[in-house]
Amino acid sequence: MTPGHGAPRRGIPFVVSAPSGTGKTTVCRALIERDPRIEFSVSHTTRAPRAGERDGVDYHFVDEETFLAMVKHGRFLEHAEYSGSLYGTSHEALDAPIAAGRDVLLEIEVQGAAQVRERRADARFIFLVPPSMAELEERLRGRGTDAPEVIARRLAVSVNELAAVRGFDYVVVNDALEDAIAAVAEILAAERAGERRRALERHGREAALARGAGALAELPGAGAPTSD
Ligand code: 5GP
C-alpha cells in the first residue's frame with residue numbers, strides 16, 4: 001500500500017537493542033517519558049516479575065504453556081529465548097498503534113531484532129553501544145557480588161551481541177546518558193520527517209563502524225566495509 005495524499009500517517013516501529021549492560025532500559029524509559037508520540041511495546045515473557053514490575057505495563061507475565069500456545073497460534077511478530085526465559089512481541093502490541101499513527105518502541109534483544117528485520121520493512125533499527133569493553137565489563141560487574149565466571153559469561157554474551165551491530169540502521173554510543181537520549185530523539189525526529197539521509201549521515205551504522213564508535217573500535221574487523 002502506497003500512502004497517497006491525505007492517507008492517514010502510519011506509525012513507525014523503532015527497535016532498540018544493545019549488548020546487555022549498555023543501559024538500554026534507561027535510555028528507552030527516558031524517551032517514552034519525554035516523547036508523547038511514541039509508546040512502549042509491552043512484551044510477553046515467562047520470567048518472573050521483579051520487584052516493582054507491573055503485569056501489563058512492564059511485561060505481560062505468562063507461564064511457558066501460555067507462551068508456547070501463543071507461538072503455535074502465530075501471535076508473535078518475534079520471540080526469543082534469553083537467559084533461560086522466553087520473550088516475545090505480539091502482533092497485537094504493534095498493529096493497533098501503528099495503524100492509528102502512533103510510533104512504537106520495541107526494546108528487545110538482538111535475535112528478536114533480526115526477526116523483526118525480516119518481517120517488517122517499516123521498522124527502523126537503533127543499536128546502543130557501550131563506550132568501551134572495559135566500561136561494559138565494569139557495568140556488568142555491578143555491585144561486585146557475582147562470581148568472576150558469571151561476569152566472564154555475561155561479557156562473552158555481550159561481545160556476541162555487539163557483533164549483531166551489522167543488522168542495525170543506526171548506532172548510538174551510550175557514554176553520557178543525556179547525549180545518548182538526544183541522539184536517539186534526533187533519529188526519531190528525522191525518520192518522522194522523512195529525512196533519513198540526514199539521520200544516517202550523523203548516526204548511521206557504516207559511519208559508526210568506520211570511525212570505531214565506542215566499543216565498536218574493539219570489534220574484530222572494525223573499520224572494514226560491510227555489506228547488508
Ligand atoms: P529483562 O529480563 O532484563 O527485562 O530483559 C532481558 C532481555 O530481553 C533484554 O535484552 C530485553 O531487551 C529483552 N526483551 C524484552 N522484551 C523482549 C521481546 O519481546 N522480545 C525479545 N526478543 N527480547 C525482549
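For the structure itself, look to the data block above.
Residues numbered from 1 in each chain as written. Predicted model: local features only at pLDDT ≥ 70, side-chain atom pairs only at ≥ 80, totals over all residues. Heavy atoms only, no water.

Once that is clear, we can look at the overall build of the chain. Along the backbone of the chain there are 9 helices and 9 strands. Over its C-alpha atoms the chain spans a radius of gyration of 18 Å, differing by no more than 12% from the 17 Å that the globule rule assigns to 228 residues. Reported as C-alpha extents along the three principal axes, the dimensions of the chain are approximately 55 × 45 × 30 Å. Relative to its full complement of 228 residues, the chain shows a buried share of 44%. Here the analysis covers contacts within the chain between residues at least 6 apart in sequence; of these, 67% occur between residues at least 24 apart. For the chain, the accessible area works out to roughly 12000 Å², and carbon and sulfur atoms hold 51% of it. One finds the centroid of the 29 positive side-chain charges in the chain at a distance of 3 Å from the centroid of its 35 negative side-chain charges. (Helix = DSSP H or I, 4+ residues; strand = E, 2+ residues; numbered from the N terminus. Rg over C-alpha atoms; globule rule 2.2 N^0.38 Å. Buried < 20%, exposed > 50% of the residue type's maximum accessible area, 1.4 Å probe, protein only. Contact = heavy atoms within 4.5 Å. Areas by Shrake-Rupley, 256 points an atom, 1.4 Å probe, with all protein chains shown as cover. Lys, Arg positive; Asp, Glu negative; His and termini not counted. Charge placed at Lys NZ, Arg CZ, Asp CG, Glu CD.)

A few words on the nonpolar core. Judged by nonpolar contacts, the single largest core of 28 residues is most densely connected at V15, L106, V116, F127, L162, V165 and L216. When contributions to this core are tallied by element, the ones reaching two or more residues are α3 (91-99), β7 (103-107), α4 (110-119), β8 (124-129), α5 (133-141), α6 (148-162) and α9 (205-211). A30, A180, A190 and A199 belong to the second-largest nonpolar core, a separate cluster that totals 22 residues. (Core = buried A, V, L, I, M, F, W, Y, C linked by side-chain atoms within 4.5 Å.)

With that settled, the discussion passes to the pairing of strand β6 (residues 85-90). Of all 6 residues making up β6, 6 are buried, and the element is well covered by its neighbours. Burial of β6 is two-sided: the residues S85, Y87 and T89 facing one way and the residues L86, G88 and S90 facing the other way are all buried. Bridge analysis of strand β3 (residues 43-45) against β6 gives 2 bridges, and the strand direction is antiparallel. When the bridges of β6 are listed, T45 appears paired with Y87. (Pairing = 2+ DSSP bridges.)

Our next topic: the site of the ligand. Lining the immediate environment of the ligand, one finds 15 residues, of which S43, R47, Y59, Y87 and E109 sit closest. The contact in question runs from an oxygen atom of the ligand to an N or O atom on the side chain of Y87, over 2.5 Å. At 2.6 Å from a nitrogen atom of the ligand is found a side-chain nitrogen or oxygen belonging to E109. Taking 510 Å² as the accessible area of the ligand by itself, protein coverage stands at 88%. Secondary structure elements with two or more residues in the shell around the ligand: β5 (76-82) and β6. (Near = heavy atom within 4 Å. Polar contact = N/O pair within 3.5 Å; in protein donor to acceptor, adjacent residues only side chain to side chain.)

So, about the packing of helix α1 (residues 24-34) against helix α7 (residues 177-192). One way to put it is that α1 packs onto α7 with a least axis distance of 10 Å and a crossing angle of 60°. Taken together, α1 and α7 sit at an angle that is classed as oblique. For the pair α1 and α7, the crossing hand works out as right-handed. Only L177, E178, A180, I181, V184 and A185 of α7 make contact with α1, whose side of the interface consists of T26, V27, A30, L31 and R34. Counted by class, the contact of α1 with α7 contains 8 nonpolar, 1 polar and 2 charged residues. (Axes fitted to C-alpha atoms, helices over the stretch in contact; angles between N-to-C directions. Parallel < 35°, antiparallel > 145°, perpendicular 65-115°, else oblique. Left-handed = near helix turned anticlockwise from the far one by under 90°. Nonpolar A, V, L, I, M, F, W, Y, C, P; charged D, E, K, R; others polar.)

Two side chains carrying opposite charge are able to pair once their charged atoms lie near each other. In the structure shown here, the tally under the stated rule is 19 salt bridges. One salt bridge in this structure joins R192 and D35, with 3.0 Å as the shortest N-O distance. Of the two residues, R192 is situated in helix α7 and D35 in the loop between α1 and β2 (38-40); the sequence distance between them amounts to 157 residues. Its relative accessible area of 14% is what places D35 among the buried residues. The salt bridge involving D169 is made with R117; its shortest N-O contact spans 3.5 Å. Here D169, found in the loop between α6 and β9 (170-173), pairs with R117, found in helix α4; they are 52 residues apart in sequence, far enough to count as distant. Here the salt bridges share partners, and the residues they tie into one network are R117, R124, D169, E191 and R196. (Salt bridge = Lys/Arg side-chain N within 4 Å of Asp/Glu carboxyl O.)

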